[in-house]
Amino acid sequence: MARLGQQQLQLLEKAFIKRSPKVKLTANWRAIYRELEVGELDESEKHLCFAPKDFDLLRQGVLAQMGLDLRDLDFNVDRMAMSAKSHNEKLAKIRPEAEYVLLKFLGFQSPPVAISALSSLRIPLDEAQKHCRELHVAAILVVENLDVFDVIHQARLPEDLTNLMVIYRGSGHHSPIGVRHFLQAMADELPIIAFTDLDPAGLQIAHTLMGVTHCLVPQLALAAPAELLAIGQINSTYDFDKQAKQTKYLQHADLKRWQELAFWLTQHSISIKQQHLLAHGLELVLVPYI
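Residues numbered from 1 in each chain as written. Predicted model: local features only at pLDDT ≥ 70, side-chain atom pairs only at ≥ 80, totals over all residues. Heavy atoms only, no water.

The protein appears in an unreviewed UniProt entry as DUF7281 domain-containing protein from Shewanella baltica.

Here it is in structure tokens:
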């Protein structure tokens with residue numbers, strides 16, 4: 001069975017609602033005409049013309065082919081909901097991973113929801129919000145890289161940073177969209193801490209994170225930056241040189257209390273990855289955004 005795409009269905013919806021007597025015969029309308037065989041071409045064959053009876057035929061044709069009703073066309077659903085109506089579940093605008101987050105718990109006296117710091121959960125956003133409230137989570141820690149998320153228990157976090165919900169920022173199969181929606185829901189309830197690479201790209205990620213209140217940086221970056229840079233093979237000026245756009249972003253962004261950190265990163269061509277911070281066992285401290 002041939003498929004009508006979302007753009008074609010939206011054109012049909014618009015014509016159906018407005019009762020358009022004719023439409024310009026674009027490539028999409030040619031495809032629609034081939035599929036539904038409703039309407040008549042004008043003499044120039046540049047327009048497709050509809051009689052009053054044709055609008056019911058368009059609706060019936062779409063219902064028969066796609067299982068969707070032009071009177072109530074809604075793509076803002078997930079694929080399961082779309083599958084209940086149409087053979088083309090991919091018409092759903094809500095991607096499968098966009099309503100989930102990958103998380104774990106850290107710093108609890110006893111592991112909540114029967115998992116340890118070594119385990120992670122992929123759960124729906126509403127369930128993650130419920131855990132935050134019922135388990136008395138003290139803060140949400142968002143980690144940039146998946147491999148660091150996996151071993152976050154090895155990080156030297158501040159001792160008073162306990163009862164954490166750790167969230168993977170997302171990429172690939174774990175959508176950042178779900179994280180953004182989750183943080184938007186929790187932004188006014190809990191501190192949100194960004195743990196990213198120590199470079200312009202990482203600081204941009206932290207700055208654009210929804211509801212962010214703090215970032216985590218190595219204590220040496222604040223107290224003894226020369227000592228930090230003296231560690232062998234820790235800084236990559238090559239990676240820094242690839243971050244011209246992110247560096248420009250920092251130069252024009254309102255970074256509040258992160259401004260001095262951003263200046264140091266750019267002045268000294270700093271790009272230190274999360275993995276290096278953990279591999280060298282560096283103590284991490286919180287830097288408030290405001």
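Chemist: Looking at this model, I keep getting lost on the sheet that holds strand 4 (residues 100-106). Mind explaining?
Modeler: Consider a sheet: its strands pair through backbone hydrogen bonds, and that pairing is either parallel or antiparallel. Here seven strands make up an open sheet; going across it, the order is 5-4-7-6-8-9-10 and the pairing mixed. Strand pairing shows two members of the sheet lacking a second neighbour, strand 5 (121-124) and strand 10 (284-288), which therefore form its edges. Averaged over neighbouring strand pairs, the angle between their axes works out to 35° when direction is ignored. By the bridge criterion, five bridges tie strand 9 (residues 214-218) to strand 10 in an arrangement that is antiparallel. From the neighbouring strand, C215 faces strand 10, where its bridge partner is V287. (Pairing = 2+ DSSP bridges. Helix = DSSP H or I, 4+ residues; strand = E, 2+ residues; numbered from the N terminus. Axes fitted to C-alpha atoms, helices over the stretch in contact; angles between N-to-C directions.)

Chemist: Mind showing me how you'd approach the sheet that holds strand 3 (residues 47-49) here?
Modeler: In space, the three strands of this open sheet follow the order 1-3-2, with antiparallel pairing throughout. Pairing within the sheet leaves two strands with one partner each, and these edge strands are strand 1 (22-24) and strand 2 (40-41). Bridge analysis of strand 2 against strand 3 gives two bridges, and the strand direction is antiparallel. Paired with L41 across the two strands is L48, which belongs to strand 3.

Chemist: I would appreciate a short explanation of the pairing of strand 7 (residues 164-168) in the present structure.
Modeler: Counting buried positions over the five residues of strand 7 gives five, a clear majority of the element. Judged by which residues are buried, strand 7 turns out to be covered on both faces: L164, V166 and Y168 on one side and M165 and I167 on the other are all buried. Looking at chain direction, strand 4 and strand 7 are connected through four bridges and run antiparallel. Within the sheet, the bridge partner assigned to L103 lies in strand 7 and is I167. As defined by bridge partners, strand 6 (residues 139-143) adjoins strand 7 across five bridges and the pair is classed as parallel. When the sheet's bridge partners are listed, V142 is paired in strand 7 with I167. (Buried < 20%, exposed > 50% of the residue type's maximum accessible area, 1.4 Å probe, protein only.)

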